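# Coordinate analysis (summary)
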Amino acid sequence: MTITIYGIKSCSTMKKAFTKLDELGVSYDFHDYKKQGIDKDTVQRWVNELGIDKVLNKRGTTWRKLDDSQKQAADASVDAAIELLVENTSMIKRPIVEGQVDSKTQNQPILLCGFDEAEFDRVFG
């Protein structure tokens, strides 16, 4: 099983995800995109699989601090929204969990966005 969890270390939702993965005995690598950044291709892959509405967090303070023209551009164009996410990683919904999970029959690719305890139990339990 190879798992990477993306997010920001100080985020309370991330702390819940770390705790849950530890409880389930799942080993993981942590990518702090506040410190390490994130590349456009990775964000593009997430948006292609999950949709911009799932990946872009419009409830946080970073989104609220944008000026109206930036918000309108992000709403009008997925490419503009992705550029904003790369520049403002705090607007990426957390956590993003990506990797391979070993199942009884084969390795299953996973891509989770946000913390849902029941989903973590189902995928990793």
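Residues numbered from 1 in each chain as written. Predicted model: local features only at pLDDT ≥ 70, side-chain atom pairs only at ≥ 80, totals over all residues. Heavy atoms only, no water.

If you check an unreviewed UniProt entry, the chain appears there as Glutathione-dependent thiol reductase from Psychrobacter nivimaris. Its UniProt record gives the chain a comment under Sequence similarities (unreviewed entry), which states: "Belongs to the ArsC family." (UniProt positions renumbered as here; feature names shortened; annotations may be inferred.)

## Considerations on the nonpolar core
Formed by 22 residues in total, the largest nonpolar core has its most connected members in Val43, Trp46, Leu85 and Ile92. Elements that contribute at least two residues to this core include exactly helix H2 (40–50), helix H3 (52–55), helix H6 (78–87) and strand S4 (107–113). At 4 residues, the largest contribution of residues to this core is made by H6. When neighbours within four sequence positions are excluded, Trp46 is seen to be in contact with Tyr6, Tyr33, Ile38, Gly51, Val55, Ile92, Ile96, Glu98 and Leu111. Counting 15 residues, the second-largest nonpolar core is a separate cluster that includes Cys11, Ala17, Leu21 and Ile110. (Core = buried A, V, L, I, M, F, W, Y, C linked by side-chain atoms within 4.5 Å. Buried < 20%, exposed > 50% of the residue type's maximum accessible area, 1.4 Å probe, protein only. Helix = DSSP H or I, 4+ residues; strand = E, 2+ residues; numbered from the N terminus. Contact = heavy atoms within 4.5 Å.)

## Notes on the environment of Leu56
Tracing the chain through its elements places Leu56 in the loop between H3 and helix H4 (61–65). Measuring from C-alpha to C-alpha, the distance between Leu56 and Ala74 comes to 9.6 Å, with 18 residues separating the pair along the chain. With residues near it in sequence (within four places) discarded, Leu56 still touches Trp63, Leu85, Met91 and Lys93.

## Some remarks on the environment of Tyr28
Along the polypeptide, Tyr28 turns up in the loop between helix H1 (12–23) and strand S2 (29–32). Remark: the alpha-carbon pair of Tyr28 and Glu98, spanning 70 residues in sequence, is separated by 9.7 Å. The contact partners of Tyr28, leaving out residues within four places of it in the chain, are Ile3, Ile5, Phe18, Leu21 and Asp22. Within the structure, the side chain of Tyr28 is placed 3.2 Å from the side chain of Asp22, a separation counted as a polar contact. (Polar contact = N/O pair within 3.5 Å; in protein donor to acceptor, adjacent residues only side chain to side chain.)

## Here we look at the packing of H2 against H6
Two elements in contact, H2 and H6, have axes separated by 10 Å at closest approach and are oriented at 130°. The pairing of H2 with H6 is recorded here as oblique in orientation. Seen from above, H2 lies across H6 with right-handed handedness. On H6, the residues touching Lys40, Val43, Gln44 and Val47 of H2 are Val78, Asp79, Ile82, Glu83, Leu85 and Val86. Its residues placed into classes, the contact of H2 with H6 shows 6 nonpolar, 1 polar and 3 charged. (Axes fitted to C-alpha atoms, helices over the stretch in contact; angles between N-to-C directions. Parallel < 35°, antiparallel > 145°, perpendicular 65-115°, else oblique. Left-handed = near helix turned anticlockwise from the far one by under 90°. Nonpolar A, V, L, I, M, F, W, Y, C, P; charged D, E, K, R; others polar.)

## Describing the packing of aromatic side chains
The full count for this structure, using the stated rule, is 5 aromatic pairs. Judged by centre distance (5.1 Å) and plane angle (90°), the rings of Phe18 and Phe30 are edge-to-face. Residue Phe18 is found in helix H1, and its partner Phe30 is found in strand S2; the two are separated by 12 residues along the sequence. Each ring, one from Phe120 and one from Phe124, has its centre 5.7 Å from the other, and the planes form 70°; the classification is edge-to-face. Here Phe120 pairs with Phe124, and both are found in helix H7 (residues 117–124), just 4 residues apart, close to one helical turn. Phe124 shares its class with Phe120; the two are buried. Aromatic rings pair up to connect Phe18, Tyr28 and Phe30 into one cluster. (Phe/Tyr/Trp six-rings, centres within 6.5 Å; stacked < 30°, edge-to-face > 60°.)

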